[in-house]
Amino acid sequence: QVQLAESGGGLVQAGDSLKVSCAASGGTFSSYGMGWFRQAPGKEREFVAAISGIGSIRNYADSVKDRFTISRDNVKNTVYLQMNSLKPEDTAVYSCAADLSKLRVSERIHDYTYWGQGTQVTVSS
């Protein structure tokens, strides 16, 4: 069983940067691919970014490519999402998720087994 806990969300202005974190406990962290998803009010959950177990492979949604960076620290059992040049449309609850396949950087929600509760990111215009 893997527990995931996000932190670092908040209220920022358009153009600002923010870094959210996801701390994992239980299991062997480097054995899991990790992903970030987000859900805005009234919208479906969508893929943001994913990283393989040792961090060698990354995948990004087109909407965040060149603005967001996913990374991980397998000593601290933590995955990060650095968000730059934030836009109001980035406002959402950001959740991390663990994929039991360490080589996969999937965009599909159903490929992820464990989920955190999420952290709110609000970008004002």
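Above this text sits the structure in question.
### Here we look at the state of the cysteines
Line of reasoning, step 1. Applying the stated criterion to the full structure yields one disulfide.
Line of reasoning, step 2. Between the sulfur atoms of Cys22 and its disulfide mate Cys96 the distance is 2.0 Å. Because the sign of the S-S torsion sets the handedness, a value of about 55° for the bond joining Cys22 and Cys96 places this disulfide among the right-handed ones. Note that Cys22 is positioned in strand 3 (residues 18-25) and Cys96 in strand 9 (residues 92-99), a separation of 74 residues in sequence.
Line of reasoning, step 3. For Cys22, a relative accessible area of 0% puts it in the buried group.

### Things to note about the sheet that holds strand 7 (residues 68-73)
Line of reasoning, step 1. Reading across from one edge, 1-3-8-7 is the order of the four strands in this open sheet, with antiparallel pairing throughout. With partners counted over all chains shown, the strands left at the sheet margins are strand 1 (3-7) and strand 7, one partner each. Neighbour-to-neighbour, the strand axes of this sheet turn through a mean angle of 15°, independent of strand direction.
Line of reasoning, step 2. With five bridges connecting them, strand 1 and strand 3 associate as antiparallel partners. Looking at the pairing, Ser7 lines up with Ser21 of strand 3.

### Quick notes on the nonpolar core
Line of reasoning, step 1. Ranked by internal contacts, the top residues of the largest apolar core, which has 37 residues, are Leu4, Met34, Trp36, Val79, Leu81, Met83 and Tyr94.
Line of reasoning, step 2. When residues of this core are traced back to their parent elements, those giving at least two are strand 3, strand 4 (33-39), strand 5 (46-51), strand 7, strand 8 (78-83), strand 9 and strand 11 (119-124).
Line of reasoning, step 3. Setting aside its immediate chain neighbours within four residues, Val79 contacts Val20, Ser21, Cys22, Phe29, Met34, Trp36, Ile51, Ile70, Ser71, Arg72 and Cys96.

Reading the values: rules and limits
- Residues numbered from 1 in each chain as written.
- Predicted model: local features only at pLDDT ≥ 70, side-chain atom pairs only at ≥ 80, totals over all residues.
- Heavy atoms only, no water.
- Disulfide = S-S within 2.5 Å.
- Helix = DSSP H or I, 4+ residues; strand = E, 2+ residues; numbered from the N terminus.
- Buried < 20%, exposed > 50% of the residue type's maximum accessible area, 1.4 Å probe, protein only.
- Pairing = 2+ DSSP bridges.
- Axes fitted to C-alpha atoms, helices over the stretch in contact; angles between N-to-C directions.
- Core = buried A, V, L, I, M, F, W, Y, C linked by side-chain atoms within 4.5 Å.
- Contact = heavy atoms within 4.5 Å.

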